[in-house]
Amino acid sequence: MFKILFLIFLTFIVNCITLRKNDLAKYNSAVTVVNPVTKKLTYKLDFSSTALVNGNNTTPQPAFIAERQMQLNAVIDETGLFTASETGAEFNLHYHVIEDSKTNDGLGFLFGFTAGLIPFYIDADLTSELEIKNKSGKILGKIVRKESYSYWAQLFLIFVTPFQRPISKIENIYRDQMRASFEEAISKKYFGNFNVNQQPIE
């Protein structure tokens, strides 16, 4: 994981491009409920993450986990349906992220050694799993969303994608998966008879 983060850091002094392969779920605004909510539903969130690099388990960085948790809490809050509660919550939510990345260590070394003249890439499969339980522990539903992306970095990509911020594009993929998960869960009535006003962009 450290090697991946170090190589991504190097790309800020060169340039890069992030390509979404599937576009399974793109959202340009928050997923919110249509129904008037007189009393918000209480929830407790458990977030976990698995990171694989070339098939090897790596330890996710604490900063990454903290940022994803904040991002997920923001997505939940923007629905207008929930309020967090550590005790006696009506719903227990477990959100698990699996990022399976593949790259070439040799290219990574040459990328750093040549200051970006030799290109570097990451191919990643991103899977999110949202499990919803009621307060007694009964599983009400599970939502699985998948998407893939490729991340390329090379010095002369500045002429193709000038001044791009690669991390923001990857953050958008995480956010879109979170929004897609809650859009589907609310639409399937796992939280009650509520409707949403936001659908994925085709």
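Look a little higher up for the structure.
Residues numbered from 1 in each chain as written. Predicted model: local features only at pLDDT ≥ 70, side-chain atom pairs only at ≥ 80, totals over all residues. Heavy atoms only, no water.

A. Geometry of the pattern of salt bridges. In total, this model carries 7 salt bridges according to the counting rule given. One network of salt bridges, with partners in common, ties together Arg145, Glu184 and Lys188. (Salt bridge = Lys/Arg side-chain N within 4 Å of Asp/Glu carboxyl O.)

B. Molecular detail of unusual backbone geometry. With a phi angle near 55 degrees, asparagine 54 is a residue other than glycine that sits in the positive phi range. As for its placement among the helices and strands, asparagine 54 is situated in the loop between β2 (41-53) and β3 (56-58). In the Ramachandran plot, lysine 189 falls in the positive-phi region, its phi being about 65 degrees despite a non-glycine side chain. By secondary structure assignment, the location of lysine 189 is in the segment after α4 (166-187). For lysine 189, a relative accessible area of 34% puts it in the partly exposed group. (Helix = DSSP H or I, 4+ residues; strand = E, 2+ residues; numbered from the N terminus. Buried < 20%, exposed > 50% of the residue type's maximum accessible area, 1.4 Å probe, protein only.)

C. The side chain of arginine 68, seen in detail. Looking at the element boundaries, arginine 68 is found in helix α2 (residues 62-78). Its relative accessible area of 4% is what places arginine 68 among the buried residues. A distance of 2.8 Å separates a polar atom in the side chain of arginine 68 from a polar atom in the side chain of glutamine 71. (Polar contact = N/O pair within 3.5 Å; in protein donor to acceptor, adjacent residues only side chain to side chain.)

D. Molecular detail of the packing of aromatic side chains. Applying the stated criterion across every chain, the model contains 7 aromatic pairs. Centroid distance phenylalanine 82 to phenylalanine 182: 6.3 Å. Interplanar angle 70 degrees. Geometry classified as edge-to-face. Here phenylalanine 182 lies in helix α4 and phenylalanine 82 lies in strand β4 (residues 82-84), a separation of 100 residues in the sequence. Of the two residues, phenylalanine 82 and phenylalanine 182, both sit in the buried class. When the ring of phenylalanine 91 is compared with that of phenylalanine 191, the centres are 5.1 Å apart and the planes differ by 75 degrees; the resulting orientation is edge-to-face. (Phe/Tyr/Trp six-rings, centres within 6.5 Å; stacked < 30°, edge-to-face > 60°.)

E. Spotlight on the pairing of β2. In the sheet, β2 pairs with β4 via 3 bridges, with the strands oriented parallel. Bridge pairing in β4 places tyrosine 43 opposite alanine 84. Examined bridge by bridge, β2 and strand β5 (residues 91-103) share 11 bridges and lie parallel to one another. Among the inter-strand pairings, aspartate 46 is bridged to a residue of β5, identified as histidine 94. Two elements, β2 and β3, share 3 bridges in a ladder whose sense is antiparallel. Note that in β3 the partner of leucine 52 across the bridge is asparagine 57. (Pairing = 2+ DSSP bridges.)

F. The side chain of threonine 79, seen in detail. With respect to the element layout, threonine 79 can be found in the loop between α2 and β4. Setting aside chain neighbours within four positions, we find threonine 79 in contact with Val31, Thr32, Val33 and Ile186. (Contact = heavy atoms within 4.5 Å.)

G. Molecular detail of the environment of valine 144. Following the sequence through the fold, valine 144 ends up in strand β7 (residues 139-153). Each C-alpha atom of the pair valine 144 and glutamine 177 lies 9.2 Å from the other, and the pair is 33 residues apart in sequence. Discounting residues that sit within four places of it in the chain, valine 144 has contacts with Thr127, Ser128 and Glu129.

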